[in-house]
Amino acid sequence: MTEPATRSVIIEKEYAHPPEKVWRALTERSLIEQWLMKNDFQPLVGHEFRLRSEPVPNWDGVIECRVLAAEPCKTLSYTWGTLGTGTVVTFTLTPTAAGTHLRMEHSGFREDQEKNYKGAKYGWQSFLGKLEGVVAGLE
Amino acid sequence: MPNAASSVFRALADPTRRAIFERLSRDGEQTVHVLTRHSGVSQPMVSKHLSALKRARLVGHRRRGRETHYRARPQALAPLVDWINHYSAFWQNKLDQLEDLLERMEP
């Protein structure tokens, strides 16, 4: 049986800071909160934690996660569960002359999930706010 | 913009129609009477809005006895929902915030 096709978001970025410092920002609770979300993260494989963003209608803002890999200053990977979908976020750190190259891959988006009921519920909230402008652009 | 997406945008551009669709999404199946009670417009107007939502395939209906029950079809929003774009923008923003944080942190 073949797995259904999946898609990923990949973002690569250079930071003028050493991998040790980037690793701290990715793995210490108070620091994670400052760039990502409130959380109860621990860098231990198997640890289950939650990321919390502002609730919106039809979504409580909670992302259920589980640590898959945590190799200090090299790799951090966790599952990313929202609204019945399971995707995976992986950060890979590589030292460079200037600091750190960070590769973030958010993988496992399935075509059928994208079109499912819950995905639509989540997505349409954010587009409604921009609706008037888009509609004006149609004319 | 694909036709499916623009018909959905047009259907939801009206605030009363949007409110009806949101109510059906939130509370499940409803009759036109119940929808009228909450909408602040007349029953013929609610029926007209429901027809527009049905044309955009945002609302489905079934008859039970003398009443017609309407339900949201959020899957009709699929042309508008692009998770890949959503998450690309999300992570770009977050990784920029990470850079700001790194600047603020002690070495």
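Conventions and cut-offs
- Residues numbered from 1 in each chain as written.
- Chains lettered and ligands numbered in written order.
- Predicted model: local features only at pLDDT ≥ 70, side-chain atom pairs only at ≥ 80, totals over all residues.
- Heavy atoms only, no water.
- Helix = DSSP H or I, 4+ residues; strand = E, 2+ residues; numbered from the N terminus.
- Areas by Shrake-Rupley, 256 points an atom, 1.4 Å probe, with all protein chains shown as cover.
- Phe/Tyr/Trp six-rings, centres within 6.5 Å; stacked < 30°, edge-to-face > 60°.
- Buried < 20%, exposed > 50% of the residue type's maximum accessible area, 1.4 Å probe, protein only.
- Salt bridge = Lys/Arg side-chain N within 4 Å of Asp/Glu carboxyl O.
- Expected span 1.5 Å × (residues − 1).
- Polar contact = N/O pair within 3.5 Å; in protein donor to acceptor, adjacent residues only side chain to side chain.
- pLDDT = per-residue confidence, 0-100.
- Contact = heavy atoms within 4.5 Å.

Undergrad: Account for the overall build of chain B, naming residues and giving values.
TA: Each helix and strand counted, chain B has five helices and three strands in total. Counted from the first residue to the last, chain B has its helices and strands arranged as α-α-β-α-α-β-β-α. Accessible surface, chain B: about 5800 Å² in total, of which carbon and sulfur atoms supply 46%.

Undergrad: Provide a residue-level description of the packing of aromatic side chains, including the pertinent values.
TA: On inspection of all chains with the given rule, the structure shows 11 aromatic pairs over all chains. Ring centres 6.1 Å apart and planes at 80° place the aromatic pair Trp-80 of chain A and Tyr-87 of chain B in the edge-to-face group. Taken together, the residues Trp-80 of chain A in strand S5 (residues 75-82) and Tyr-87 of chain B in helix H5 (residues 83-104) connect one chain to another. The exposure class assigned to Trp-80 of chain A is buried, which follows from its relative accessible area of 1%. Overall, Tyr-87 of chain B belongs to the buried group, its relative accessible area being 6%. Taking the centre distance of 5.0 Å and the plane angle of 80° together, the rings of Phe-90 of chain B and Trp-91 of chain B count as edge-to-face.

Undergrad: Lay out the pattern of salt bridges with the relevant residues and their values.
TA: Inspection of the entire model under this criterion finds eight salt bridges over all chains. Notably, a salt bridge pairs Glu-99 of chain B with Lys-13 of chain A, separated by 3.3 Å at the nearest N-O pair. Placement of Glu-99 of chain B in helix H5 and of Lys-13 of chain A in strand S1 (residues 6-15) is noted, with the two residues assigned to different chains. Of the residues examined, Glu-99 of chain B reaches a relative accessible area of 26% and is grouped as partly exposed. Judged by relative accessible area, which is 17%, Lys-13 of chain A ranks as buried. With its nearest N and O atoms 2.9 Å apart, the salt bridge here joins Glu-28 of chain A to Arg-24 of chain A. Judged by relative accessible area, which is 33%, Arg-24 of chain A ranks as partly exposed. Residues joined by salt bridges that share partners form a network here, namely Lys-13 of chain A together with Asp-96 and Glu-99 of chain B.

Undergrad: Which residues make up helix H2 (residues 15-27) of chain B, and what values do they have?
TA: Residue and element names in this part refer to chain B. With 13 residues, H2 ought to run about 18 Å at 1.5 Å a step, and its terminal C-alpha atoms sit 18 Å apart, in line with that. All buried positions along H2 are accounted for by Arg-17, Arg-18, Ile-20, Phe-21, Arg-23, Leu-24 and Ser-25. Between the side-chain oxygen of the N-cap and the backbone nitrogen of Thr-16 there are 2.9 Å, and the N-cap of H2 in question is Asp-14. Looking one or two residues past H2, Gly-28 carries a phi angle of roughly 85°, positive in sign.

Undergrad: Could you give me a rundown of the confidence of the model for chain A, with the residues and numbers involved?
TA: On average, residues of chain A carry a pLDDT of 79, and 71% of them reach 70 or more. Within the model, pLDDT remains below 50 along residues 115-139 of chain A, and this stretch shows 46 contacts once partners closer than five positions in the same chain are excluded.

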